[in-house]
Amino acid sequence: MALSTFFGSPRAVFSAAILLRAIFLVYGLLQDAYSPMKYTDIDYFVFTDAARFIAQGQSPYDRDTYRYTPLLAWLIYPTTWPGFWFSFGKILFAIGDIVAGWMMFRILRSYQSMSQERALKYASIWLLNPMVATISTRGSSEGLLGIFVTALLWAVLANRIALAGFLLGFAVHFKIYPFIYAASIVWWLDDDQIKGRRANKSATSASLFNQILSFLSRERLALALCSFITFMALNVIMYFAYGWPFLEHSYFYHLIRIDHRHNFSPYNTLLYLNSSPKINANIHAQPSLELERLAFLPQLLLSAVLIPFVLSKKDLPSTMLAQTFAFVAFNKVCTSQYFLWYMMFLPYYLPESTLLQSPSVGITSLILWILGQVFWLQQGFQLEFSGDSTFFPGLWTASILFFVVNVGILAIIIRDVKSKDPSTPQKLAAKKKA
């Protein structure tokens, strides 16, 4: 009865979500002050240092390892002010979590046809998730990304195509990976008028050219044009402001990055070897195939081509979950904050999923997913804090096992979405609002 009352009140749920993040923020201040193991993520110091360079009239890329759009440094500019303002960025990211959760709640209500209580329960997978709250209050910017991606999904479902294009272009500028959603959205956009035009065409006129013209609907062209203009406009502005370092660090770096710390990916050991100048010189003395440089091939084939083409007409939000899950699992760099990228889609997928309908499958998947991380973190702790060499077999084995667990969960998600009726509630609702 108490839980029913709690989830029956949006005020109660969102107040609890805010309180959860406030507690973590205060706890983080205490841990940073009194513990040798700091709560604040190292990336947050990178962000705030970049903001400080901007405040001094310099480039944010004067700060080594700043690999993000200058917009992020500008957004947390108040951290350069004296006093408690250093925590402004964490508060901003935590607020981003809350706003993203509110938009999830609205999507569940409007496009999943859920009751208020049920929508709040599923939105709480994000809002009341300690992992989500921890990552944002430690200083990771994924909470802001959650706003952009969730707003993108809402705009598409609400048939606000120009707005969706703007949000897609902005999200890709802010963080490259959301470009994978373009394929699913384009393939999903298919209204009754387009279907009618196809049905009325004679067999003789159904040429490849006519099919292409039929595919290039006004909505799809508007999405492509608005997203391209937004993306290019932001890049041109940043390029004129900060020159080549903007392109190098925001985009090109990610094609050759060899980050190995806190990296759950199976490519972790290869990246570590390549990060050593001495070993790297010996390896490249002879011609060799750098396997980790080919990691993007299966990653993009799955997340940006196959999954959108097979699943997006079934259920757009769940397809975006499958895409993101595949992108993260197959990425050559896989860290804890990346998990938030797909967690923001769980509220839409879980209600009719095997993971909930079959508790044994769901509980087993969750336990294996958590244990995979625990095993890896235990090996990583011995390596980074105790100085023990755990690269092989410990760390390598942990990475492989965690990858296998993720592939298994991805298979369940894909099977669930593939078995859905294409006339999903959110698509029907979107057509009514169009």
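Here the structure is a predicted model, which is why all the values come from computation and not from measurement. (Residues numbered from 1 in each chain as written. Predicted model: local features only at pLDDT ≥ 70, side-chain atom pairs only at ≥ 80, totals over all residues. Heavy atoms only, no water.)

*Asks:* Break down the nonpolar core for me, citing the residues and quoting the values.
*Replies:* In this structure, Tyr-66, Trp-126, Tyr-181, Phe-339, Met-343 and Phe-345 are the most contacted members of the largest nonpolar core, which totals 109 residues. Those residues in contact with Phe-345, other than ones at most four positions away along the chain, are Val-149, Leu-153, Tyr-181, Pro-317, Met-320, Leu-321 and Thr-324. (Core = buried A, V, L, I, M, F, W, Y, C linked by side-chain atoms within 4.5 Å. Buried < 20%, exposed > 50% of the residue type's maximum accessible area, 1.4 Å probe, protein only. Contact = heavy atoms within 4.5 Å.)

*Asks:* Hey, could you go over the environment of Ala-222 for me, with residue numbers and the actual values?
*Replies:* Of note, Ala-222 is situated in helix H13 (residues 218-242). For the pair Ala-222 and Gly-165, spaced 57 residues apart in the sequence, the C-alpha separation amounts to 7.3 Å. (Helix = DSSP H or I, 4+ residues; strand = E, 2+ residues; numbered from the N terminus.)

*Asks:* Can you break down the layout of surface pockets residue by residue, with the values?
*Replies:* Considering only enclosed or pocket space, the second largest pocket measures out at about 540 Å³ in volume. For the lining of the second largest pocket, the secondary structure elements donating two or more residues are helix H18 (316-330), helix H19 (339-343), helix H20 (346-349), helix H21 (354-357), helix H22 (359-384) and helix H23 (391-418). Ranked by residues supplied to the lining of the second largest pocket, first place goes to H22 with four residues. Looking at the lining of the second largest pocket residue by residue, the class counts come to 15 nonpolar, three polar and no charged. (1 Å grid on protein atoms, 1.4 Å probe; cavity = no way out; pocket = protein on both sides within 12 Å on 5 of 7 lines; lining within 4 Å. Points joined across faces, edges and corners; volume = space filled by probe spheres on them. Nonpolar A, V, L, I, M, F, W, Y, C, P; charged D, E, K, R; others polar.)

*Asks:* Residue-level account of the UniProt feature "transmembrane region" (unreviewed entry) in the protein chain, with values.
*Replies:* As annotated in UniProt, the feature "transmembrane region" (unreviewed entry) corresponds to residues 12-30, 84-105, 126-155, 161-189, 221-242, 324-344, 356-377 and 389-414 in the numbering used here. Counting secondary structure, residues 221-242 comes out at 100% helix and 0% strand; the distance between its end C-alpha atoms is 31 Å. (UniProt positions renumbered as here; feature names shortened; annotations may be inferred.)

*Asks:* Can you tell me about the packing of helix H2 (residues 10-34) against helix H6 (residues 116-127), naming the residues and giving the values?
*Replies:* How two helices pack is summed up by the angle between their axes together with the distance between the axes. Contact geometry for H2 and H6: axes closest at 10 Å, N-to-C directions at 10°. As far as their axial angle goes, H6 and H2 are roughly parallel. The segment H2 lies against H6, with Pro-10, Val-13, Phe-14, Ala-17, Leu-20 and Arg-21 engaging Gln-116, Leu-120, Ser-124, Trp-126 and Leu-127. Here the residues of the contact of H2 with H6 sort into eight nonpolar, two polar and one charged. (Axes fitted to C-alpha atoms, helices over the stretch in contact; angles between N-to-C directions. Parallel < 35°, antiparallel > 145°, perpendicular 65-115°, else oblique.)

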